[in-house]
Amino acid sequence: MDEKPPQIEAIIFDWAGTIIDYGCFAPLDVFIEVFKKRGINVTDDEARAPMGLLKWDHINEMCKMERIANIWKEKFGRFPQKEDVDALYEDFEPMLFSILPKYCEPVPGAVDLVSRLRTQGLKIGSTTGYTGEMMKIVAPEARKRGYVPDSMVTSDHLPGGRPYPWMIYQNAINLEVYPMKHVVKVGDTVSDIKEGINAGTWAVGILKGSSELGLKETELNALSPENLAYKMDQVSKKFKEAGAHYVIESIGELDKIIPKINKHLEIGVKRPTDHFI
C-alpha cells in the first residue's frame, strides 16, 4: 500500500485576539491602568507592543521602553527595577481576573472553523500569554461558547513563554504530533509568529480581530475600505518581517491555507518563496 503523503496534522491556536476576545482588549486596559495608578499614562500602542508574551514579561518589556522608563525615573528617581515589575504585576493580576469572564466571546467564524478542521481529522492545540490560573477562568467560559481545544498549554511550568517554542513543543507531545513541519501555529501577534518559527512549525498571522490591528469589530467596520486596507497592510508587513509563512484576513479563512501547505509538504518544500497571500 502506498505511504500516505506528509500533511498537516495539528493546528495550534493562540487564545485572545485569535480565537476569543476580538481585538484582544481584556489585558489592554489593565496594562494601562496599573501604570496610571503610578501617575504614568501609557499609550495603547505602548501597552499593545509586547502583546502575546507572558503577562509579567509584558510589563517588564513596557518598563524597558525608553519613554516609560524615563518618566518612571523622573517620578521615582531611578529606572524601573525587577521589584517594580513585580509590584505592577501584583496589581495587574487581580484586575485582569475580575474582568476576564467578559472577554471570552469567540471571534466570528472561529468555532465553525475548528469544527471544520476536526472533520478533516486535525488536532487542535493552544498556547497563550495567560497563566494557568487565568486559563481556569477563560477555558470554561470559552467552553460554554463552543470552543474546547484538544490540548491547552501555558508557560507556568516551562522554561519560558513566547517567543520561546516550549509551549508548542508541549502541545506536540500532548497531541503526539511529529515532526514539527506537520504543525501550523496561528496567532494575532508578532510573538505568536516568532513562537511558531522558533518551534519549526508553519506560522500564520491573523489580521481582523488581532491585537496588532487593535480594533473592535465595530471600529473596523466603520473604517473606509482604503483606511482599513492600509492598516491591514501595515500589520501584514510586521507578520511577514517576523517570518510568517501566510497572513490571512480572518480566522475563518485558515482552512483554505491547509491544502496549500499540504501541497508544499508533498513536494518537500518547508518554506516556499511565494508563501504569502
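## Thoughts on the environment of Ala16
Within the secondary structure, Ala16 sits in the loop between strand 1 (10–13) and helix 1 (26–36). Overall, the relative accessible area of 10% leaves Ala16 in the buried class. Taking the C-alpha atoms as reference points, Ala16 and Asp188, separated by 172 residues in sequence, lie 8.4 Å from one another. Setting aside anything within four residues of it in sequence, one finds Ala16 in contact with Asp21, Cys24, Tyr130 and Asp188.

## Considerations on the nonpolar core
By size, the foremost hydrophobic cluster in this structure holds 76 residues, and its most contacted members are Ile11, Phe13, Phe35 and Leu254. Examining the composition of this core, we find that seven residues originate from one element, helix 1, more than from any other. Of all hydrophobic cores here, the second largest spans nine residues; its members include Ile12, Val177, Met180 and Ala199.

## Some details on the pattern of salt bridges
Under the criterion given, the structure shown has 20 salt bridges. Here Arg118 ties to Asp150 by a salt bridge, and the two come within 3.0 Å at their closest N and O atoms. Residue Arg118 is located in helix 6 (residues 110–119), and its partner Asp150 is located in the loop between helix 7 (132–144) and helix 8 (166–175); the two are separated by 32 residues in the primary sequence. For Arg118, a relative accessible area of 34% corresponds to the partly exposed category. Between Lys144 and Glu141 there is a salt bridge, with the nearest N and O atoms lying 3.2 Å from each other. Here Lys144 pairs with Glu141, and both are found in helix 7, just three residues apart, close to one helical turn. We classify Lys144 as exposed; its relative accessible area is 65%. Salt bridges sharing common partners tie together Asp14, Arg162, Lys185, Asp192 and Glu195.

## Quick notes on the environment of Val153
Structurally, the position occupied by Val153 is in the loop between helix 7 and helix 8. Residue Val153 is classed as buried on the basis of its relative accessible area, which comes to 5%. Residues Val153 and Glu9 lie 144 residues apart in sequence; the distance between their C-alpha atoms is 18 Å. Beyond its immediate sequence surroundings of up to four residues, Val153 is in contact with Ser126, Thr127, Thr128, Leu158, Met167, Gln170, Asn171 and Asn174.

## Points about unusual backbone geometry
Negative phi is the rule for most residues except glycine; trans is the rule for most peptide bonds. For the bond from Arg162 to Pro163, the omega torsion is 5°, close enough to zero to count as cis. Here Pro163 is to be found in the loop between helix 7 and helix 8. Here Tyr178 and Pro179 are connected by a cis peptide whose omega angle stands at 0°. In this structure, Pro179 sits in the loop between helix 8 and strand 3 (183–187). Residue Asp21 is not a glycine yet carries a positive backbone phi of 55°. Locating Asp21 in the fold gives a position in the loop between strand 1 and helix 1. Asp21 sits in the buried class, given a relative accessible area of 5%.

## So, the packing of helix 8 against helix 9 (residues 190–199)
When two helices pack together, you describe them by how their axes are tilted relative to each other and by the distance separating the axes. The geometry of helix 8 relative to helix 9 is characterised by a closest axis approach of 8 Å and an angle of 60° between their N-to-C directions. Compared by their axis directions, helix 8 and helix 9 come out oblique. For helix 8 against helix 9, the interelement crossing comes out right-handed. Where helix 8 approaches helix 9, its residues Met167, Ile168 and Tyr169 are matched on the opposing element by Glu195, Gly196, Asn198 and Ala199.

Calculation rules
- Residues numbered from 1 in each chain as written.
- Predicted model: local features only at pLDDT ≥ 70, side-chain atom pairs only at ≥ 80, totals over all residues.
- Heavy atoms only, no water.
- Helix = DSSP H or I, 4+ residues; strand = E, 2+ residues; numbered from the N terminus.
- Buried < 20%, exposed > 50% of the residue type's maximum accessible area, 1.4 Å probe, protein only.
- Contact = heavy atoms within 4.5 Å.
- Core = buried A, V, L, I, M, F, W, Y, C linked by side-chain atoms within 4.5 Å.
- Salt bridge = Lys/Arg side-chain N within 4 Å of Asp/Glu carboxyl O.
- Axes fitted to C-alpha atoms, helices over the stretch in contact; angles between N-to-C directions.
- Parallel < 35°, antiparallel > 145°, perpendicular 65-115°, else oblique.
- Left-handed = near helix turned anticlockwise from the far one by under 90°.

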